[in-house]
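# Summary of the model geometry
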Amino acid sequence: MNDAPVVTRIAPSPTGYMHIGTARTALFNWLYARGRGGKFLLRIEDTDRARSTPEATEAIYRGMRWLGLDWDGDAVSQFAQADRHAEVAHELLARGKAFKCFSTQEEIAEFREAARAAGKSTLFRSPWRDADPSTHPDAPYVIRIRAPLEGTTVIRDRVQGNVTIQNDQLDDMILLRSDGTPTYMLAVVVDDHDMGVTHVIRGDDHLNNAARQMLVFEGMGWDIPVWAHIPLIHGPDGKKLSKRHGALGVEEYQAMGFPAAAMRNYLARLGWSHGDDEFFTDEQAKEWFDLDGIGKSAARFDMQKLEHLSGQHIAVAGDDALVAEIVAYLAVAGLPALDERQIDGLKRAMFCLKDRAKNFPQLLEKGHFILSKRPFEPDEKAAKSLDDVSRGILAELTPQLQNASWNRDTLEGVVAQVAEANGTKLGKVAQPLRAALAGRTVSPSVFDMMLVIGREETLARLNDATA
Ligand code: GLU
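Residues numbered from 1 in each chain as written. Predicted model: local features only at pLDDT ≥ 70, side-chain atom pairs only at ≥ 80, totals over all residues. Heavy atoms only, no water.

## Some thoughts on the pairing of strand S6 (residues 152-157)
Alternating residues of S6 divide into Thr 153, Ile 155 and Asp 157, all buried, and Thr 152, Val 154 and Arg 156, none buried. As consecutive antiparallel partners, S6 and strand S7 (residues 161-166) are separated by three residues. (Buried < 20%, exposed > 50% of the residue type's maximum accessible area, 1.4 Å probe, protein only. Helix = DSSP H or I, 4+ residues; strand = E, 2+ residues; numbered from the N terminus. Pairing = 2+ DSSP bridges.)

Okay, here's the thing in structure tokens:
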């Protein structure tokens, strides 16, 4: 078993969007498999027919694709395996590991009522558990697992350690309903077995399920996978992450303009650590990721940390890749697409845009000087630095730039000279120059901008501002 190739999976229930916690669980499973030459599978847990729409499933695919979490083979539909689940329920019946229960809803309610009145456990104990099949009526029945009544069940969990469950807390859970449909608890185990899953890494809200699911594995004589139940994500206040903490859907983070690589880096650090490493590449994460590095306490979602990592990833990303991601971001955010001229400009300007931008909106704001067309309407702040004195200085600068060779050293020299001639500092010239070139107070350096847009366009913008 130890030498078997690793097979992990993510098994989301389609609920309309992809939860950030699901994304993190998917990432952990992906990293674990990819770092070990294993397989990473996707199963859509679409047994709840009311909620499981094609749109909800699409949202999961989109989230996975955006995050670059590629899965092996086709996604498995849990619903499509229903016959197989029923087959296993009957197999457990034949092995004596499960039994037919004919109790009606009313009888079960009565049982609970009586147990409550007597101060006993309300866990339902079916009178059919040990009934002789010859006494079975010709009536609808459910198939229940025959759970142990005494002793303990130990879940050997790679994150939580050994978790002991008292067996008298385990009920004879239903495997197959009277209409022949499988329960979730049965379906998960059968699918994990049939898909060859060796490691189940999932939220610790499923820890209790593990004890019950083990009964099915054992009943069928199947290998129990390695369990790793990871603490859920909490909000900054330490409470379980919820809508009031901010965005929950993965796509909302794409729409906020975070690059996928930053999201992967951030989510990997959310509950897992490798020494003091904060910023890392996918290759490093795949190499380093291990179940031992997963913490036992819940990680808190920290937007500032995400923004910080995002800035670092933007700074080191390739220019063309960034432009491609920005194009996708604009579409998801419902913003106007870039035209050819803008895409070309963005590529040429990227070297001076990608530093110190925490997300794509900030990067695009900085890129206003290349994305927009003259004449530039300066915003309020920029307009302030274009007073009469400043405009006079810019007017003096214009003829100097006409003949200067267009390289950084010369441009810096010319601007410094004009500043000196006016008895002022470089900054005093740079400010109105920035306003003239970008119409903004936040932009790349004036020299970077001049180099990107060229002489002719620089002079035209100066003329606009001084006219
Ligand atoms: N479908 C379950 C969920 O979305 C996951 C079940 C599992 O990973 O075993 O929470």
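## Remarks on helix H19 (residues 446-466)
Along its 21 residues, H19 runs just 17 Å from first to last C-alpha, ending more than 12% under the 30 Å computed at 1.5 Å per residue. Considering bend angle alone, the principal kink of H19 is centred on Gly 454 and spans about 115 degrees. (Expected span 1.5 Å × (residues − 1). Bend = angle between axes of the 7 residues up to and from the residue.)

## Description of the sheet that holds strand S5 (residues 142-145)
Strands pair in a sheet through their backbones, by hydrogen bonds, and they do so in one of two ways: parallel or antiparallel. Spatial ordering of the open sheet is given by S4-S5-S8, a layout of three strands whose pairing is antiparallel. Two strands close off the open sheet at either side, each with one partner strand: strand S4 (98-101) and strand S8 (174-176). The mean angle between the axes of side-by-side strands here comes to 40 degrees, regardless of whether they run parallel or antiparallel. Pairing geometry for S4 and S5, over four bridges, is antiparallel. Among the inter-strand pairings, Phe 99 is bridged to a residue of S5, identified as Arg 144. (Axes fitted to C-alpha atoms, helices over the stretch in contact; angles between N-to-C directions.)

## Focus: the pattern of salt bridges
For the structure shown, the criterion picks out 31 salt bridges. The shortest N-O distance in the salt bridge between Glu 283 and Lys 286 comes to 3.5 Å. A residue pair is termed a helical-turn pair when its members lie 3 or 4 positions apart in one helix, as Glu 283 and Lys 286 do in helix H9 (residues 282-288) at three residues. A residue is classified by how much of its surface remains accessible, and Glu 283, at 53% relative accessible area, is exposed. When the shortest N-O distance is used, the salt bridge between Glu 457 and Arg 461 registers 2.8 Å. One end of the pair, Glu 457, and the other, Arg 461, are both in helix H19, four residues apart, so they sit about a helical turn from each other. Through salt bridges with shared partners, one network takes in Arg 9, Arg 43, Glu 45, Asp 191 and Asp 192. (Salt bridge = Lys/Arg side-chain N within 4 Å of Asp/Glu carboxyl O.)

## Topic: unusual backbone geometry
Note: most peptide bonds trans; most residues except glycine with negative phi. The step from Arg 374 to Pro 375 runs through a cis peptide bond, and the omega angle for that step is 0 degrees. Summarising the element assignment, Pro 375 is placed in the loop between helix H14 (368-371) and helix H15 (380-384). Positive phi is not limited to glycine here, since Arg 356 has a value of about 60 degrees. Tracing the sequence through the fold places Arg 356 in the loop between helix H12 (340-349) and helix H13 (360-366).

## Focus: the site of the ligand
The environment of the ligand is made up of Arg 9, Ala 11, Pro 12, Ser 13, Glu 45, Tyr 184, Val 188, Arg 202 and His 206. Within the side chain of Arg 9, an N or O atom sits 2.6 Å from an oxygen atom of the ligand. Contact distances for the ligand include 2.6 Å between a nitrogen atom and a side-chain N or O atom of Glu 45. For the ligand, whose accessible area on its own is 300 Å², the fraction buried by protein is 81%. Broken down by class, the residue content of the shell around the ligand amounts to four nonpolar, two polar and three charged. (Near = heavy atom within 4 Å. Polar contact = N/O pair within 3.5 Å; in protein donor to acceptor, adjacent residues only side chain to side chain. Areas by Shrake-Rupley, 256 points an atom, 1.4 Å probe, with all protein chains shown as cover. Nonpolar A, V, L, I, M, F, W, Y, C, P; charged D, E, K, R; others polar.)

## Examining the pairing of strand S10 (residues 226-230)
Within S10, four of the five residues are buried, which leaves the element mostly enclosed by the surrounding structure. Note: strand S9 (residues 199-203) against S10, five bridges, orientation parallel. Bridged to Val 200 within S10 is Trp 227. Note on the crossover from S9 through helix H6 (residues 207-220) to S10: the handedness is right-handed. (Right-handed = clockwise from strand over helix to strand, strands pointing away.)

## Some details on the nonpolar core
In this structure, Met 64, Tyr 253 and Phe 301 are the most contacted members of the largest nonpolar core, which totals 50 residues. Every element with two or more residues in this core is listed here: helix H1 (20-34), strand S2 (39-44), helix H2 (54-66), S10, helix H7 (250-255), helix H8 (260-269), H9 and helix H10 (303-316). When residues in this core are grouped by element, the largest group, nine residues, is from H1. Core analysis: the second largest hydrophobic core is formed by 48 residues, Val 323, Leu 338, Phe 369 and Ala 382 among them. (Core = buried A, V, L, I, M, F, W, Y, C linked by side-chain atoms within 4.5 Å.)

## Here we look at the side chain of Gln 342
Within the element layout of this structure, Gln 342 appears in helix H12. Using a relative accessible area of 16% as the deciding quantity, one classes Gln 342 as buried. Beyond its immediate stretch of four places on either side in the chain, Gln 342 contacts Ala 337 and Leu 371. (Contact = heavy atoms within 4.5 Å.)

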